[in-house]
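# Coordinate analysis (summary)
Spelled out from the first residue to the last, the chains are:
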2 protein chains.
Amino acid sequence: MAQKPSIPKGTRDFNPEQVAKRNYIFNTIRGAFETFGFQPIETPSFENSDTLMGKYGDEGDRLIFKILNSGDYLNKANTDAYEEKDSNKLTPSISEKALRYDLTVPFARYVVQHQNDIEFPFKRYQIQPVWRADRPQKGRFREFYQCDADVVGSKSLWQEVEFIQLYDTVFSKLQLEGVTIKINNRKILSGIAEVIGASNKLIDFTVALDKLDKIGEDKVKEEMLSKGIAQEGIDKLQPLFSLSGSFDSQIESLKTILSTSNEGLKGIEELAFIDNAITALGLKTATLQLDVTLARGLNYYTGAIFEVAAPKGVKMGSIGGGGRYDDLTGIFGLKDVSGVGISFGLDRIYLVLEELNLFPEAVNKNIEVLFINFGDNEALFSLKAINKLRANGINAELYPDAAKMKKQMMHANKRNIPFVVLVGEEEINSNTYTLKNMVTGTQDKIELEQLIETVKK
Amino acid sequence: MAQKPSIPKGTRDFNPEQVAKRNYIFNTIRGAFETFGFQPIETPSFENSDTLMGKYGDEGDRLIFKILNSGDYLNKANTDAYEEKDSNKLTPSISEKALRYDLTVPFARYVVQHQNDIEFPFKRYQIQPVWRADRPQKGRFREFYQCDADVVGSKSLWQEVEFIQLYDTVFSKLQLEGVTIKINNRKILSGIAEVIGASNKLIDFTVALDKLDKIGEDKVKEEMLSKGIAQEGIDKLQPLFSLSGSFDSQIESLKTILSTSNEGLKGIEELAFIDNAITALGLKTATLQLDVTLARGLNYYTGAIFEVAAPKGVKMGSIGGGGRYDDLTGIFGLKDVSGVGISFGLDRIYLVLEELNLFPEAVNKNIEVLFINFGDNEALFSLKAINKLRANGINAELYPDAAKMKKQMMHANKRNIPFVVLVGEEEINSNTYTLKNMVTGTQDKIELEQLIETVKK
């Protein structure tokens, strides 16, 4: 192979620094998940195709990576499709497995498959990669991690309260202060559609409303009109567009707007419960905000809808989202299992922390001490010391070759190793070590105990 | 979907306990890797097919999972292959990506691709899943993790010494005492082949020799004969079969046997260097053993060959292996980069720890305290306390629904939660908490501070 190798578009290599920073985020999220009582599960990277296909709409089906059957797969190919050279039609006969597209459907499959071994309510978290054959662009990849926490088997609104606290906990731990946790409720969206006489156009209605931030009030109204929602109904929306003020006061306005919709009033009641609880419990650094335009994957959610926005001033899409879905496992034949969950957007959180310079210095678990190699005798003497350093939890290593001292020192420099130890004949004879602080440049001849103490500081 | 969903054969779901146990092993290995100065990288789950194909032999090519191109993939299908309905021939034209088969080839690709950003010698570790379309059987899966540590860019034998110490460190930390680290050297195998006049049959010779443990001396000789190795040569092997005693004494015998082979003597010299260093440094719980029949992926290795056997009495194949390869990156056009590395077999280590009951109890980070839910007022009061517990690092949660007390207590029991807290009107009024120890059955009404202290113990 003459040309330099490369990786598929939309995928990434991660170097040591990037892995360390990503693990810092993963570990923070994982720690909070566990403190809140969530337990980890893992599912296979690929599922049987019929587990995934048809669960994410036509667009989703298209974006699922399919795995070619092994061996002489054409032997079992669909004859009609083969003659017609119809890719879509052929696929199911030559591909039986597909890469995970999200963590929610595999979780639903897991719950149904293992329902007899699960003690409900079941609080699980899952941190694993997913794959999508999407067009790659800035911040959108074909392989990326999802970090999900869900509870299944309880309709209690205390779960929603807990998830808001969980978001607040994670982002506070990451020192990412000032995020906004937006909340809405599917029942409010249904209520509004009902009130304006567009119940049969709920999706068109919410898709348009969801764009308010981006395209503004006039364009939203235009889009609704074009989708066949009556002008009279749209006029009734006016109070919604001017909704503002505190969570409480918005709730009061909504009560008036939705006074004729039972479903809408139920949604308001749920939101008020959650807001009251959060007010009583308090948040560390996040703010809870009612956003009646928030829709996300509407078909999916049946109650609360969450989305997290980065602190003001940071240009970035949502860094988290979630909601309640009353029939998660129905697709696999297990009815009446309500679920609610949230997700953290690892890649975007990473970019935000990078932009705001919030990664702690200590994240990169670099080597702390490099022993210069002056030859086999010195190397053996050094390795004995290195063993003691390691037993004391210090990351230490020996330069493998007795290369020129300058080369070895440059190696330490390039890797930003803070301490270098020099052991020559003199040191061996006196059982001492010359420790050089690469930052200050100072150099001391000391005993091993002292060396360990100095580095530990 | 009427039938219960399932997962593809050879793949696995992991429940919370299994994930916790696996993470215990991963974290132990990762911690040792970092103490020894290895840095993490990650590579994409799928690579361009031409990065992987042809690197693992015909058998490997067959076992690589290929990903179907997206969209109307038949549009670009190889016309001849399509007409001939030749699966093998068609594949490259409808599949451009393939799932990672091991971590070594992607690592080689990474080193070549990023050679200008890497400071050599480069010590990297990588813990990621790989996929093989192998026939699933006990202990063999289609998706499994590899844990690899490699150094590239140095021929120093101190690396081999360090890897033996690394194996010893990891297995000692896992309390898995008494493993045997077997070592051999490709140059010794070449030397033996040379001495018995079978240099041109090196692979046949080593494949047969590698079976000594399994099929015994006579069958090995039979197989060699059948492969065309002369009886005269086989006779010369006799001293090898009776090789025994200490590492030192085996080295001495080998010196006699291989006295006419320069390459063989070089191999002996390398082994002696490593053994002397390890003897001087000492091992914690493992034993280093010379095994001249050890071959593993012979085509691959050019120097040291490692394999780790579980403690005596545990029936299990090797739980780790590795070796030196002098031309890792040559396949991608970067010559003369010597590498040496080892791998840990996660699944087998898991089985061994399970069999010997070596998983620490504390591995499963279960919830420690469940608050019983008696209604909304009590729940809110409880959540305030739960926040304080969590801030103190205690995993705590509220039962989400105000279900019957018996049901909630059973939930705590089934999940093995050690403490339950009951908060009713009385407790709220006196600002106290009734803490029930689920193991001893004792119950105390205490204040929050005390509760936190008790649970922390």
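Attention in this report is confined to the structure presented alongside it. Bear in mind the structure is a predicted one, so any value in this text is a computation, not a measurement. (Residues numbered from 1 in each chain as written. Chains lettered and ligands numbered in written order. Predicted model: local features only at pLDDT ≥ 70, side-chain atom pairs only at ≥ 80, totals over all residues. Heavy atoms only, no water.)

Attention shifts here to the interface of chain A and chain B. At the junction of the two partners, chain A supplies 104 residues and chain B supplies 103 residues. Both faces considered, chain A and chain B share a buried interface measuring about 9200 Å² in area, 56% of it formed by carbon and sulfur atoms. There are eight salt bridges connecting chain A and chain B. For Arg109 of chain B, the salt bridge goes to Asp13 of chain A, with nearest N and O atoms at 2.6 Å. (Contact = heavy atoms within 4.5 Å. Buried area = accessible area lost by both parts, 1.4 Å probe. Salt bridge = Lys/Arg side-chain N within 4 Å of Asp/Glu carboxyl O.)

Residue and element names in this part refer to chain B. With respect to topology, five strands assemble into an open sheet ordered 13-12-14-15-16, the strand pairing being mixed. The open sheet has two edge strands, strand 13 (396–398) and strand 16 (443–446), and neither has a second partner. Strand-to-strand twist in this sheet, taken as the mean axis angle between neighbours without regard to direction, amounts to 25°. As defined by bridge partners, strand 12 (residues 369–371) adjoins strand 13 across three bridges and the pair is classed as parallel. (Pairing = 2+ DSSP bridges. Helix = DSSP H or I, 4+ residues; strand = E, 2+ residues; numbered from the N terminus. Axes fitted to C-alpha atoms, helices over the stretch in contact; angles between N-to-C directions.)

Our focus in this paragraph is the pairing of strand 9 (residues 304–309) of chain B. The side chains of a regular strand alternate between both faces of the sheet. All names here are of chain B. With five of six residues buried, strand 9 lies mostly within the body of the structure. Sheet topology note: the strand 7 (residues 180–185)/strand 9 ladder contains six bridges and is antiparallel. Following the sheet pairing, Asn185 is matched in strand 9 by Ala304. As judged from the four bridges shared by strand 9 and strand 10 (residues 320–325), these two strands associate in the antiparallel manner. By the bridge assignment for strand 10, Val308 is matched with Gly320. (Buried < 20%, exposed > 50% of the residue type's maximum accessible area, 1.4 Å probe, protein only.)

Turning our attention to the packing of aromatic side chains. In this structure the tally under the stated criterion is 32 aromatic pairs over all chains. Note on Phe26 of chain A and Tyr145 of chain A: the rings are 4.9 Å apart at their centroids and 55° apart in plane angle, and the pair reads as tilted. Of this pair, Phe26 of chain A sits in helix 1 (residues 16–35) while Tyr145 of chain A sits in strand 6 (residues 143–152), and the two are 119 residues apart along the sequence. Judged by relative accessible area, Phe26 of chain A falls into the buried class, the value being 5%. Aromatic side chains Tyr167 of chain B and Phe171 of chain B sit 6.1 Å apart centroid to centroid with 15° between the ring planes, which places their arrangement in the stacked category. In this pair, Tyr167 of chain B and Phe171 of chain B are both assigned in helix 7 (residues 158–173), four residues apart and thus about one turn of the helix distant. (Phe/Tyr/Trp six-rings, centres within 6.5 Å; stacked < 30°, edge-to-face > 60°.)

On to the packing of helix 8 (residues 186–195) of chain B against helix 9 (residues 202–209) of chain B, then. Residue and element names in this part refer to chain B. Running from N to C, helix 8 and helix 9 cross one another at 110°; their axes reach a closest spacing of 10 Å. Between helix 8 and helix 9, the interaxial angle falls into the category roughly perpendicular. When helix 8 is examined against helix 9, the residues Arg186, Leu189, Ser190, Ile192 and Ala193 are found in contact with a partner set consisting of Leu202, Phe205, Thr206 and Leu209. The residue makeup of the contact of helix 8 with helix 9, split by class, is six nonpolar, two polar and one charged. (Parallel < 35°, antiparallel > 145°, perpendicular 65-115°, else oblique. Nonpolar A, V, L, I, M, F, W, Y, C, P; charged D, E, K, R; others polar.)

Right, let's talk about the relation of the copies chain A and chain B for a bit. For the pair chain A and chain B, the relating rotation is 180°, the translation along its axis is 0.0 Å, and the fit reaches an RMSD of 0.1 Å. Here the two chains are linked by the operation of a two-fold rotation axis. Within chain A, Ile67 of chain A has its C-alpha nearest the rotation axis, a separation of 2.2 Å. (Least-squares fit on C-alpha atoms with pLDDT ≥ 70 in both.)

All names here are of chain A. Contact pair helix 1 / helix 15 (residues 346–355): the axes reach a minimum separation of 10 Å and the direction vectors enclose 110°. The orientation of helix 1 with respect to helix 15, classified from their angle, is roughly perpendicular. Together, Gln18, Lys21, Arg22, Tyr24, Ile25 and Phe26 of helix 1 and Leu346, Asp347, Ile349, Tyr350, Leu353 and Glu354 of helix 15 make up the contact between the two elements. Residue composition of the contact of helix 1 with helix 15, grouped by class: seven nonpolar, one polar and four charged.

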